Amino acid sequence: QVQLVESGGGLVQAGGSLRLSCAASGRTFSSYAMSWFRQAPGKEREFVAHISWSGGSTYYADSVKGRFTISRDNAKNTVYLQMNSLKPEDTAVYYCAAKRSPLATPVTPEYWGRGTQVTVSS
């Protein structure tokens, strides 16, 4: 089992940047595919970005492509989400998610963090 703790959320003006971090427990972090999801008020949780266990493959939602970058440091058991050119519509609770997977493509997560709030003001 893996436990996930997100950090780095906050209030930022439109056009600004934030970097989210997700620290994972356990000694097998490098075998987990990691993803970021978000949920805005009154909306369904939606996929944001995914990174394979090795970091060699990444996927993004069309709404964030070119603005967000997912990365991981397996030595630190941490995955990151660099968010640039933020828009008010990026306002949401951002969740880190994990699933043990050897695949390069996104998989349905098994473990979830509690989320971190990101608020983008106009």
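Since the structure is predicted, the reported quantities are computational estimates derived from the model, not experimental observations.

Visitor: Hey, could you run me through the overall build of the protein chain in this one?
Guide: The helix and strand tally for the protein chain stands at zero helices and 11 strands. Ordered by position from the N terminus, the helices and strands of the protein chain form the series β-β-β-β-β-β-β-β-β-β-β. In terms of overall dimensions, the protein chain is globule-like: its C-alpha atoms have a radius of gyration of 13 Å, near the 14 Å expected for 122 residues. For the protein chain, the spread of C-alpha atoms along the principal axes amounts to about 40 × 25 × 25 Å. Within the span of the protein chain, comprising 122 residues, buried residues form 43% of the whole. Positive and negative side-chain charges in the protein chain, numbering 13 and 8 respectively, have mean positions lying 6 Å apart.

Visitor: Looking at this structure, I do not really get the pattern of salt bridges. What am I missing?
Guide: Close approach of charged atoms allows side chains of opposite charge to pair. Counted by the stated rule, this structure contains four salt bridges. When the shortest N-O distance is used, the salt bridge between Arg38 and Glu46 registers 2.6 Å. In this structure, Lys65 engages Asp62 in a salt bridge whose closest nitrogen and oxygen atoms are separated by 3.1 Å. Within the structure, one salt-bridge network assembled from shared partners comprises Arg38, Glu46, Arg67 and Asp90.

Visitor: Looking at this structure, I do not really get the environment of Cys22. What am I missing?
Guide: Note that Cys22 resides in strand β3 (residues 18-24). In the structure, Cys22 is positioned 14 residues away from Trp36 in sequence and 9.3 Å away in space, judged by C-alpha atoms. Apart from the residues within four sequence positions on either side, Cys22 is in contact with Leu4, Val5, Glu6, Met34, Trp36, Asn77, Thr78, Val79 and Cys96.

Visitor: Explain the packing of aromatic side chains to me, please; I cannot follow it from the model alone.
Guide: Centre distance and the angle of the planes are the two values used to describe a pair of aromatic rings. In this structure the tally under the stated criterion is three aromatic pairs. One aromatic cluster in this structure is built from Phe37, Phe47 and Trp112. If you follow Arg45 out to its NZ or CZ, it ends over the ring of Tyr95, 4.0 Å from the centre. When the ring centre of Phe29 is taken as reference, the NZ or CZ atom of Arg72 above it lies at 4.5 Å.

Thresholds applied
Going along each chain's sequence as written, the residues are numbered from 1 onward. The model is predicted, so local features are restricted to residues of pLDDT at least 70 and side-chain atom pairs to those at 80 or more, both for listing and for counting; the totals for chains, interfaces and linings are taken over all residues. Side-chain calculation: all heavy atoms of the structure are included, whereas hydrogens and water are not. Comment: elements are numbered from the N terminus, with helices defined as DSSP H or I runs of at least four residues and strands as E runs of at least two. Values of the radius of gyration come from C-alpha atoms, whereas the globule rule sets the reference at 2.2 Å times the count of residues to the power 0.38. Note on exposure labels: buried denotes an accessible area under 20% of the residue type's maximum, exposed denotes more than 50%, and partly exposed covers the range between, all computed with a 1.4 Å probe on protein chains only. The convention is simple: Lys and Arg are positive, Asp and Glu are negative, and His and the chain ends are not counted. Lysine's charge is taken at NZ, arginine's at CZ, aspartate's at CG and glutamate's at CD. Any carboxyl oxygen of Asp or Glu within 4 Å of a side-chain nitrogen of Lys or Arg constitutes a salt bridge here. For this analysis, residues touch if any pair of their heavy atoms sits within 4.5 Å. Centre distance within 6.5 Å is the pairing criterion for rings of Phe, Tyr and Trp, where only the six-membered ring of Trp is used; planes under 30 degrees apart are then read as stacked, over 60 as edge-to-face, and the remainder as tilted. Two conditions define a charge located above a ring, namely a distance within 6 Å from the ring centre to NZ of Lys or CZ of Arg, and an angle within 35 degrees of the ring normal.

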